[in-house]
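Observations on the three-dimensional arrangement
Each chain is listed here by its residues.
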Amino acid sequence: MTILLTGFEPFAGSRVNPSEQAARALDGAIIAGQEIRCAILPVDGQRAPQALMDALAQHSPKAVLCLGEAAGRACVSIERVAVNLLDYRIADNAGQQVVDQAVIAGCPAAYFVTLPTRRMYERLLAEGIPCELSLSAGAFLCNQVLYALLHFAEQDGRNSPLGGFIHLPSLPQQTAERLLTGKAAQANMGLETSLRAVRAALEVIAEE
């Protein structure tokens, strides 16, 4: 079985994105007997959903775990729901700032994640990794991609992959960059801990 792991390119002026670094670090890994393949998505509302669909077509995964960065969050956030709303607080990397629009017009208001979120949460806590179950993936690209994934799975039927999303805190170097520019400090997590979290979540998915 193949599990697709996605991350996002850097955005909002940062030079790094923990989701990209974690996804690249685990590309090609074998976890609980399953191969992990990664795809890095653009922070572009027009291109990101199609990039995800292209990765699904290329790898035909049985499960998809998308990763994103949540600046300001103090722990790993395991998302439980995607909403049919685009309301960007900042412009994407293409310079577009969408406000109060549907991800996919005429479709359900929300979809629930189909990965075993509770088991993932319990495994991460057992590993000593700070984490939470979250009911808000925001209304930016992370939510957009998650909604697109779950909508695809809903339409695809019985052979559709399981899907879900994890937000990772910013990296310590990103907090340092903020301080250098006179901005306030924010919560962060080292890449090693984030990688442990993603690997543990993937183990649960592979067992499922």
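Residues numbered from 1 in each chain as written. Predicted model: local features only at pLDDT ≥ 70, side-chain atom pairs only at ≥ 80, totals over all residues. Heavy atoms only, no water.

1. Focus on the overall build of the protein
Scanning the protein from terminus to terminus reveals 6 helices and 9 strands. The C-alpha radius of gyration computed for the protein amounts to 16 Å, which stays within 12% of the reference 17 Å derived for 208 residues, consistent with globular compactness. Considered along the principal axes of its C-alpha atoms, the protein spans approximately 50 × 40 × 25 Å. In the protein, which comprises 208 residues, the proportion classed as buried is 50%. Here the analysis covers contacts within the protein between residues at least 6 apart in sequence; of these, 77% occur between residues at least 24 apart. When the accessible surface of the protein is totalled, it reaches about 9300 Å², and 48% of it is carbon and sulfur. Counting 16 positive and 21 negative side-chain charges, the protein places the averaged centre of each group 3 Å from the other. (Helix = DSSP H or I, 4+ residues; strand = E, 2+ residues; numbered from the N terminus. Rg over C-alpha atoms; globule rule 2.2 N^0.38 Å. Buried < 20%, exposed > 50% of the residue type's maximum accessible area, 1.4 Å probe, protein only. Contact = heavy atoms within 4.5 Å. Areas by Shrake-Rupley, 256 points an atom, 1.4 Å probe, with all protein chains shown as cover. Lys, Arg positive; Asp, Glu negative; His and termini not counted. Charge placed at Lys NZ, Arg CZ, Asp CG, Glu CD.)

2. Regarding unusual backbone geometry
The phi torsion of most residues other than glycine is negative, and most of the peptide bonds are trans. Non-glycine residue Ala32 carries a positive phi angle of around 50 degrees. Mapped onto the secondary structure, Ala32 falls in the loop between strand 2 (30-31) and strand 3 (34-41). A residue is classified by how much of its surface remains accessible, and Ala32, at 46% relative accessible area, is partly exposed. In this model, Ser60 sits at a positive phi of 45 degrees, which is unusual for a non-glycine residue. As for its placement among the helices and strands, Ser60 is situated in the loop between helix 2 (48-59) and strand 4 (63-69). Residue Ser60 is classed as exposed on the basis of its relative accessible area of 54%.

3. With respect to the sheet that holds strand 2
Taking strand neighbours across the sheet as the criterion, the 7 strands line up as 2-3-1-4-9-5-8 in an open arrangement whose pairing is mixed. Looking at the sheet topology across the chains shown, the edges are occupied by strand 2 and strand 8 (131-134). Summarising the sheet, strand 4 and strand 9 (residues 162-168) pair through 7 bridges and their orientation is parallel. Counterpart to Gly68 in the pairing with strand 9 is His167. Lying over the sheet, helix 6 (residues 191-207) contacts strand 1 (2-8), strand 2, strand 3, strand 4, strand 5 (76-79) and strand 9, oriented at roughly 160 degrees with respect to strand 4. (Pairing = 2+ DSSP bridges. Axes fitted to C-alpha atoms, helices over the stretch in contact; angles between N-to-C directions.)

4. Details of helix 4 (residues 141-156)
With 16 residues, helix 4 extends 22 Å from end C-alpha to end C-alpha; this agrees with the ideal 22 Å at 1.5 Å per step. Of all 16 residues in helix 4, 12 are buried, a share of seventy percent or more. When we look at burial in helix 4, the residues that qualify are Leu141, Cys142, Asn143, Gln144, Val145, Leu146, Tyr147, Ala148, Leu149, Leu150, His151 and Ala153. One or two residues past the end of helix 4 sits Gly157, with phi positive at roughly 80 degrees. (Expected span 1.5 Å × (residues − 1).)

5. Observations regarding the pairing of strand 1
For strand 1, the tally of buried residues reaches 7 of 7 residues, placing the bulk of the element in the interior. Burial along strand 1 is two-sided: Thr2, Leu4, Thr6 and Phe8 and Ile3, Leu5 and Gly7, pointing in opposite directions, are all buried. Here 7 bridges tie strand 1 to strand 3, and the two strands are oriented parallel to one another. Note that in strand 3 the partner of Thr6 across the bridge is Ala39.

6. Some words on the pattern of salt bridges
Under the counting rule described, the total for this entry stands at 10 salt bridges. Ionic pairing is found between Glu177 and Arg15, a salt bridge with its closest N-O pair at 2.9 Å. With Glu177 in helix 5 (residues 172-180) and Arg15 in the loop between strand 1 and helix 1 (18-26), the pair connects residues that are 162 residues apart, well separated along the chain. For Arg15, a relative accessible area of 66% corresponds to the exposed category. Put simply, Arg123 and Glu207 hold a salt bridge, and the shortest N to O gap is 2.9 Å. Highlighted residues: Arg123 in helix 3 (residues 117-126) and Glu207 in helix 6, separated in sequence by 84 residues. (Salt bridge = Lys/Arg side-chain N within 4 Å of Asp/Glu carboxyl O.)

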